[in-house]
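# Working through the structure, step by step
As a plain string of letters, each chain reads:
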Amino acid sequence: MASEEAANPRTHPTTPATPRKSRKKGKEKPEAGADAQEGGDEVVEQEARIKGLTRAGHRALVLGDGQEAVGCFRKAFVLSRSMVSPQLRSACAFNLGAAYVETGKPKKGLEFLLQSQSSLGGNGEPSRDLYFSIEAAREGLQDFPKALEHFGLAADGDRAAEAGSRAGSHVWMGCCYLGLREPARAARCFLDAARCFAAATSPEAAAVALSRASGSMLQSRGFGVAEIAAVLTQCHSLCSSIRDAALRGKLYSDIGLSYSQLHIFTLAAESFERALASGPEQHRAAALMQNMGAAHNALCSFSTALGWHRRAAVLHGALGNRRAQGQCFGNLAYACSRLGNHEAAAESYLHALQAFRDSGDVQGQWQACEGLGAACFHLGDSHRAIGHYKEALTLLSHCQDTPRAARERVVHKLTDAIQHQLCLHGCLSPRVSITPWHSPGPGTGASQPRQGLVDTPGFGRQRPPRHQDTASGVQDVSWKRPVLVTAASPHPGMEP
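Definitions and limits used
As a convention, each chain's residues are numbered from 1 in the sequence order in which they are written. Reporting in this predicted model follows two pLDDT cut-offs: at least 70 for local features of residues, and 80 or more for side-chain atom pairs to be given and counted; totals over whole chains, interfaces and linings ignore these cut-offs and use all residues. Working from all heavy atoms in the structure, the side-chain values ignore hydrogens and water. Working definition of a nonpolar core: buried Ala, Val, Leu, Ile, Met, Phe, Trp, Tyr and Cys residues. They are joined through side-chain atoms within 4.5 Å. Buried residues are those whose accessible area, probed at 1.4 Å on protein chains only, stays under 20% of the maximum for their type, while exposed residues exceed 50% and partly exposed ones sit between those limits. Strands here are runs of E lasting at least two residues and helices are runs of H or I lasting at least four, both read from the DSSP assignment and numbered beginning at the N terminus. Between N or O atoms, a polar contact is any pair within 3.5 Å; within protein, one atom must be a potential hydrogen donor and the other a potential acceptor, and residues adjacent in sequence are included only when both atoms are from side chains. Here a residue-residue contact requires only that any non-hydrogen atoms of the pair lie within 4.5 Å. Any Lys or Arg side-chain nitrogen located within 4 Å of an Asp or Glu carboxyl oxygen qualifies as a salt bridge. Side-chain rings of Phe, Tyr and Trp, where Trp is taken by its six-membered ring, are said to pair if the distance between their centres is within 6.5 Å; with planes under 30 degrees apart they count as stacked, over 60 as edge-to-face, and otherwise as tilted.

## Side note on the nonpolar core
If you look at the biggest cluster of nonpolar residues, it comprises 94 residues, and the most contacted ones within it are Phe-197, Ile-228, Leu-247, Leu-251, Leu-276, Trp-366 and Tyr-389. Grouped together as the second largest cluster of nonpolar side chains are 18 residues, Leu-53, Leu-61, Phe-73 and Ala-99 included.

Here it is in structure tokens:
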């Protein structure tokens, strides 16, 4: 895999040594000597540019920025066309092809990988990495069983090879099993890869493999909480030795996400905080603040959560991330309602509603309307509560994938609000006294309904997570774009 190449010293060579030029005997003209010197300087400068682009491409892959990596490797490949060395041209074609495979374009990747093979001509044997990448491209073209057969034979027959090379085989096998939708087998392959990387003294690659293994374990539902937590602990212990701050921060963020899926929010919050300490760029910092607030909501640490929600909302707003900002306002509203400040909750739900309207998020809009209805009911304004609940039901009718229970819940709240208003006007004798819902004491978990009225779900109502949950916006913490939990998921408001 191209991303493993950055940590594996045995990967396909990127910049072979410059061949020595034979010296001609005899006296040369000064002009010819100057031209030759200038030409040599150009070659050295060109090689240096290729090396720099290659390093930048590998780093971008490790950080999950596939488009940036492809751009760097493409520039290096174009520059290599004017170079004499076939090894250099082959290496650049290999890097570009592997990056295309990594970013989900196996057909285009296979084209450049085959170019890499042909560039060598009869001057050398293709490396194991080239062979694996060609098989990975075929894997990407959905020929998983055939690719698995090749990878398995290579891994079993290469006991004498270095651990780093065997790790590459295990990583590719893990990718194939994920393609076959067998995450349990994929997890075991990534764990084997992590052990090989550790033996090869490559803590960065080992940590990344462990992170990917934990994501596959969560996806498979075949592993216990203790097993997954042990892998996360091991990954966490390796992060402190990683010098690259961006990679270290990404891994801490992924670890925090996995802990949140295990409902271990104390460790999730600690991991998010360590990720923030790594000095991420602004978009990632805003998402980490949002995750910190959501984790503290789950811990019922609402006073602490308020600050994180506000900071995240401000930063998302400055960056123009209106949907994420709406999620932050929703989380803030929930924390305010749990602290008994229903006026502040109503104001935050209004901000959330406007943000979701601006971003075209219909699901977020009906959730915000439901929250506004609950806040108005708390404040004794049944008339406005009824209006918000009706708007929520109208918006729900446009959401095809929303569970039926959500609509039934809003209908129940609307019915209670109407009955309460009729009682206030003396038009209906209540069979039971209907009073505003009150928050349970700290540590009691999810809100319990009273006469069908609960604080809005989605933004802050915490339920025990299920490992198989893959709602819109949720992505396992393996090596794709690191999108985390949205407002529609068990632990809402978490973003990349």
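Now that the structure has been shown, we can carry on.
## Structural notes on the side chain of Ser-278
Looking at the element boundaries, Ser-278 is found in the loop between helix H13 (265-277) and helix H14 (282-298). Residue classification places Ser-278 among the buried residues on the basis of a relative accessible area of 12%. Of the polar contacts made by the side chain of Ser-278, one reaches the backbone oxygen of Ala-275; its length is 2.5 Å. Not counting residues within four places of it along the chain, the set of residues in contact with Ser-278 comprises Ala-245, Arg-248 and Gly-249.

## Observations concerning the pattern of salt bridges
Taken as a whole and judged by the stated rule, the model has eleven salt bridges. Here Glu-182 makes a salt bridge to Arg-185, at a shortest N to O gap of 3.3 Å. Accessibility expressed as a relative area gives 29% for Glu-182, which makes it partly exposed. In this structure, Arg-357 and Glu-391 form a salt bridge, with 2.8 Å as the shortest nitrogen-oxygen distance. You can see Arg-357 sitting in helix H17 (residues 342-359) and its partner Glu-391 sitting in helix H19 (residues 382-396), a full 34 residues away along the chain. A residue is classified by how much of its surface remains accessible, and Arg-357, at 39% relative accessible area, is partly exposed. Members of the salt-bridge network, linked through shared partners, are Glu-370, Arg-409 and Lys-413.

## Notes on the packing of aromatic side chains
Counted under the stated rule, the structure contains three aromatic pairs. Ring plane angle 85° and centroid distance 5.3 Å describe the contact between Phe-77 and Phe-112, whose orientation is recorded as edge-to-face. Note that Phe-77 is positioned in helix H3 (residues 66-80) and Phe-112 in helix H5 (residues 106-120), a separation of 35 residues in sequence. Side by side, Phe-77 and Phe-112 carry an identical accessibility label, which is buried.

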